[in-house]
Amino acid sequence: MNKPHKLGFLEVETPGEGFQANSLSQFINANKVFCFSLFLFLCFLISTLVSIAISLLVTPAPAPSTTAVMLLSNNLNEIKSEQTQLIQNYQEFKQEQLAIKQSLEANNVTAIKLILMDQEKNFQLFLQSLKQGMQSLSGDLPNGDEWYQDYSEQISLAEKHSFRRHTLLSMIQTNTYQQD
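This structure is a prediction, so every number in the text was calculated from the model and none was measured. (Residues numbered from 1 in each chain as written. Predicted model: local features only at pLDDT ≥ 70, side-chain atom pairs only at ≥ 80, totals over all residues. Heavy atoms only, no water.)

A. Main features of the overall build of the protein chain. In terms of regular secondary structure, the protein chain is built from 4 helices and 2 strands. Starting at the N terminus and walking to the C terminus, you meet the elements of the protein chain as β-β-α-α-α-α. Taking all 180 residues of the protein chain together, 9% fall into the buried category. Accessible surface for the protein chain amounts to roughly 15,300 Å². Of this, 63% is attributable to carbon and sulfur atoms. (Helix = DSSP H or I, 4+ residues; strand = E, 2+ residues; numbered from the N terminus. Buried < 20%, exposed > 50% of the residue type's maximum accessible area, 1.4 Å probe, protein only. Areas by Shrake-Rupley, 256 points an atom, 1.4 Å probe, with all protein chains shown as cover.)

Spelled out as structure tokens, the structure:
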């Protein structure tokens, strides 16, 4: 004997004591609405998939418009011409930089060194006259000898540094300067 059981909206009959060969047909007869709905859904799904596949195979890829191709080629040509112009400008700039560098090394460096050496000599003369003025002033001031001795040492130190700078500059000018 078959006993009907309900699973949700499905009605399923379980075979009793023996197995019957037409149990699928009994399931379909018992659930006609469900089976018909499943059949319609599968047909719809298959037809939709076939339609999409055919449309993808048959539809040609869109060809680029000629105006867009022309615009892109014009832009590409402009970019190439700007690139060549920039390369030329860079090469000209590099040549000018090299010429300026050589000019500075040849002429101006020697002139700058001479100017610096003259400035050091003038600074030394200024320090010597300052020292002489301080010596004459120290005679007129009370406790001027102590004051002169304190500041005279500092001026002597500045003179010593100035002589050293002048010597270094003269060595650089004659290319005989070597680091210790």
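B. View of the side chain of Ser162. Mapped onto the fold, Ser162 is located in helix α4 (residues 144-173). For Ser162, the residues in contact, after removing those within four places along its chain, are Glu120, Phe123 and Gln124. (Contact = heavy atoms within 4.5 Å.)

C. Examining the pattern of salt bridges more closely. The full count for this structure, using the stated rule, is 2 salt bridges. In this structure, Glu120 engages Arg165 in a salt bridge whose closest nitrogen and oxygen atoms are separated by 2.9 Å. You can see Glu120 sitting in helix α3 (residues 66-140) and its partner Arg165 sitting in helix α4, a full 45 residues away along the chain. Here Glu120 falls in the buried class, since its relative accessible area comes to 13%. (Salt bridge = Lys/Arg side-chain N within 4 Å of Asp/Glu carboxyl O.)

D. The confidence of the model for the protein chain, seen in detail. A residue-level look at the protein chain finds 81% of positions with pLDDT of 70 or above and a mean pLDDT of 81. Per-element mean pLDDT across the protein chain ranges from 61 in strand β1 (residues 3-7) up to 92 in helix α2 (residues 32-58). Note that pLDDT drops below 50 for residues 175-180; the model gives that stretch 4 contacts with residues more than four away or on any other chain. (pLDDT = per-residue confidence, 0-100.)

E. Local environment of a nonpolar patch on the surface. A contiguous nonpolar patch, built from Leu38, Phe41, Leu42, Leu45, Ile46, Leu49, Val50, Ile54, Leu57 and Val58 and spanning about 1,000 Å² of accessible area, is present on the exposed surface. The topology assignment puts Phe41 in helix α2. (Patch = residues over 30% accessible without salt bridge, like charges linked within 9 Å, V, L, I, M, F, W, Y side chains within 5 Å.)

F. Examining unusual backbone geometry more closely. For Asn143, which is not glycine, the phi dihedral falls at a positive 60°. Summarising the element assignment, Asn143 is placed in the loop between α3 and α4.

G. Region of the structure containing a negative patch on the surface. Among the surface-exposed residues, Asp145, Glu146, Asp150 and Glu153 lie close enough to one another that they form a single negatively charged patch. With respect to the helices and strands, the residue Asp145 is situated in helix α4. (Lys, Arg positive; Asp, Glu negative; His and termini not counted. Charge placed at Lys NZ, Arg CZ, Asp CG, Glu CD.)

H. Main features of the environment of Tyr148. Turning to its location among the elements, Tyr148 is positioned in helix α4. Linking Tyr148 and Ser138, residues 10 residues apart in sequence, is a C-alpha distance of 6.1 Å. Filtering out sequence-adjacent residues up to four positions away, Tyr148 remains in contact with Lys131, Met134, Gln135 and Ser138.

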